[in-house]
Amino acid sequence: MGVIEVSGLVKRYGDLEAVHGIDLVVEPGEVFGFLGPNGAGKTTTISILCTLLRPTAGEARVAGIDVAHDPAAVRSRIGLVFQDPSLDDQLTARENLELHGRIYGVPGPLRRQRVDELLQVVELADRANSLVKTFSGGMKRRLEIARGVLHHPQVLFLDEPTLGLDPQTRKHIWDYLQELRRSEGVTLFMTTHYMDEAEFCDRIAIIDRGTIVALGTPAELKSRIGGDVITLTVADVPTAAKEIAERFGIAPLAANGTLRIEVPDGASFLPRLVRELPMRIDSVALSRPSLDDVFLKLTGHAIRSEGASDKDMLRNMGRMWRGGRR
């Protein structure tokens with residue numbers, strides 16, 4: 001049985017159907033990635049799984065519990081790391097964790113043990129008694145992750161867990177997450193717009209316009225694109241696309257002022273393309289398929305950063321959560 005099970009999930013806002021009949025199973029201990037652009041239904045789905053929204057139709061179970069029928073029981077079994085900071089920066093790192101443990105009813109001796117253990121795991125033991133307002137962004141994120149698993153949740157939901165952090169800190173955050181998965185046995189359900197970060201996931205669901213359009217391991221998803229990817233930058237994208245289609249029988253994909261072409265053998269095709277295309281090519285690149293290419297092929301557009309509406313919704317999620325269970 002999956003630790004998250006979703007069947008026929010629908011969410012409507014008046015005439016707008018934000019989530020359209022989603023089916024999904026996440027296995028215990030997985031790192032599961034949820035990818036989708038602004039307005040795809042990603043945030044709405046997560047809000048339902050975290051009991052912050054009620055579905056219009058369908059079912060969703062987390063840790064074997066129906067999210068609509070017993071939301072309090074679901075909340076006691078999950079942890080949340082929001083995109084926006086949610087720590088009390090007037091408290092120390094230890095005090096933030098202690099407060100969280102008290103709210104979740106973790107017994108005193110176990111709570112103190114857990115606080116000490118997790119501060120060690122996220123390498124903040126030496127700053128345990130420092131005020132959070134003195135922490136860097138990466139340190140705060142590490143503390144939020146420690147807080148999210150302090151009460152032994154079965155699922156930890158992470159929304160853009162490394163957004164705004166430098167590459168080195170992002171790598172360290174992932175080291176901590178992988179260690180927590182190993183030591184705690186927690187399932188990680190995350191959203192991200194960093195495609196290289198999605199490579200850390202065991203499986204990925206790509207959602208667009210309220211529907212899951214692909215689900216699989218990173219390798220399985222990339223295997224949907226045969227061979228190599230050639231990316232061209234030209235002055236006149238529509239004309240270049242028409243010429244390529246007529247001369248080579250290939251339908252290129254346009255995104256962000258470039259053209260992407262899928263070919264079985266890029267090394268042999270590229271010289272012919274440069275030689276026969278009757279226009280100037282400003283730049284050209286040859287690569288193996290990436291998750292960006294998969295997303296573009298499946299949805300017809302590139303993934304983009306969250307819009308203001310999604311950010312506002314996520315902030316409201318945080319307020320609802322802290323004002324409800326916490």
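Caption draft 1: Region of the structure containing the pairing of strand β8 (residues 187-191). Where burial is concerned, most of β8 is hidden: five out of the five residues are buried. Direction of pairing for strand β3 (residues 31-35) relative to β8: parallel, over a ladder of four bridges. Its bridge partner lying in β8, Phe 32 is registered against Phe 189. Once the chain exits strand β7 (residues 155-159) it traverses helix α6 (residues 167-184) before rejoining the sheet at β8, and the crossover so formed is right-handed.

Caption draft 2: Fine view of the sheet that holds strand β2 (residues 16-26). Taken together, four strands build an open sheet; the order of strands is β2-β1-β4-β5 and the sheet is antiparallel. Both edges of this open sheet fall to β2 and β5 (65-66), since each of them pairs with a single strand only. Bridge analysis of strand β4 (residues 57-62) against β5 gives two bridges, and the strand direction is antiparallel. Residue pairing across strands places Val 62 opposite Ile 65, the latter belonging to β5. In the packing of helix α1 (residues 42-49) onto the sheet, contacts are made with β1 (4-13), β2 and β4, and the angle to β1 comes to roughly 120°.

Caption draft 3: Structural view of helix α5 (residues 137-149). With 13 residues, α5 extends 19 Å from end C-alpha to end C-alpha; this agrees with the ideal 18 Å at 1.5 Å per step. Where burial is concerned, most of α5 is hidden: eleven out of the 13 residues are buried. Of all the positions in α5, only Gly 138, Met 139, Arg 141, Arg 142, Leu 143, Glu 144, Ile 145, Ala 146, Arg 147, Gly 148 and Val 149 are classed as buried. Residues of α5 that are buried sit in contact with β6 (78-81), α3 (93-103), α4 (108-121), β7 and α6.

Caption draft 4: Quick look at the packing of aromatic side chains. Taken as a whole and assessed by the stated rule, the structure comprises five aromatic pairs. Arranged with centres 5.4 Å apart and planes meeting at 25°, the rings of Phe 32 and Phe 189 form a pair that is stacked. Note that Phe 32 is positioned in strand β3 and Phe 189 in strand β8, a separation of 157 residues in sequence. Taking relative accessible area as the criterion, Phe 32 reaches 0% and is therefore assigned buried. Its relative accessible area of 0% is what places Phe 189 among the buried residues. Ring geometry for Trp 174 versus Phe 200: centroids 4.8 Å apart, planes at 15°, classification stacked. On the criterion of sequence distance, the pair formed by Trp 174 in helix α6 and Phe 200 in the loop between α7 (195-198) and β9 (203-208) is long-range, its members being 26 residues apart. Phe 200 sits in the partly exposed class, given a relative accessible area of 37%. Here a set of aromatic residues connected by ring pairs shows up, and it is made of Phe 32, Phe 34, Phe 157 and Phe 189. Sitting above the plane of the Tyr 13 ring, Lys 11 keeps its charged end 5.4 Å from the centroid.

Caption draft 5: Broad picture of the packing of α3 against α4. Across the interface, α3 lies against α4 with an axial gap of 10 Å and an inter-helix angle of 135°. One finds that α3 runs oblique with respect to α4. Crossing of α3 over α4 shows right-handed handedness. Counting all contacts with α3, which are made through Ala 93, Arg 94, Leu 97, Glu 98, Gly 101 and Arg 102, the residues of α4 involved are Arg 111, Arg 112, Val 115, Asp 116 and Leu 119. The residue makeup of the contact of α3 with α4, split by class, is four nonpolar, one polar and six charged.

Caption draft 6: Up close: the sheet that holds strand β10 (residues 211-216). Here we have six strands laid out as an open sheet, ordered β6-β7-β8-β3-β9-β10, and mixed in their pairing. Only two strands of the sheet have a single partner each, and these edge strands are β6 and β10. Put simply, the sheet's adjacent strands are angled 15° from each other on average, direction ignored. Seen against the sheet, α6 touches β3, β7 and β8 and runs at an angle of roughly 130° to β3.

Caption draft 7: Local environment of the pairing of β7. Counting buried residues in β7 gives five out of five residues, a clear majority hidden from the surface. Looking at chain direction, β6 and β7 are connected through four bridges and run parallel. Bridge assignment links Leu 80 to a residue of β7, and that residue is Phe 157. As paired elements, β7 and β8 share five bridges and run parallel to each other. Each residue of the ladder has a partner; that of Leu 156, found in β8, is Leu 188.

The rules we used
- Residues numbered from 1 in each chain as written.
- Predicted model: local features only at pLDDT ≥ 70, side-chain atom pairs only at ≥ 80, totals over all residues.
- Heavy atoms only, no water.
- Buried < 20%, exposed > 50% of the residue type's maximum accessible area, 1.4 Å probe, protein only.
- Helix = DSSP H or I, 4+ residues; strand = E, 2+ residues; numbered from the N terminus.
- Pairing = 2+ DSSP bridges.
- Right-handed = clockwise from strand over helix to strand, strands pointing away.
- Contact = heavy atoms within 4.5 Å.
- Axes fitted to C-alpha atoms, helices over the stretch in contact; angles between N-to-C directions.
- Expected span 1.5 Å × (residues − 1).
- Phe/Tyr/Trp six-rings, centres within 6.5 Å; stacked < 30°, edge-to-face > 60°.
- Lys NZ or Arg CZ within 6 Å of the ring centre and 35° of its normal.
- Parallel < 35°, antiparallel > 145°, perpendicular 65-115°, else oblique.
- Left-handed = near helix turned anticlockwise from the far one by under 90°.
- Nonpolar A, V, L, I, M, F, W, Y, C, P; charged D, E, K, R; others polar.

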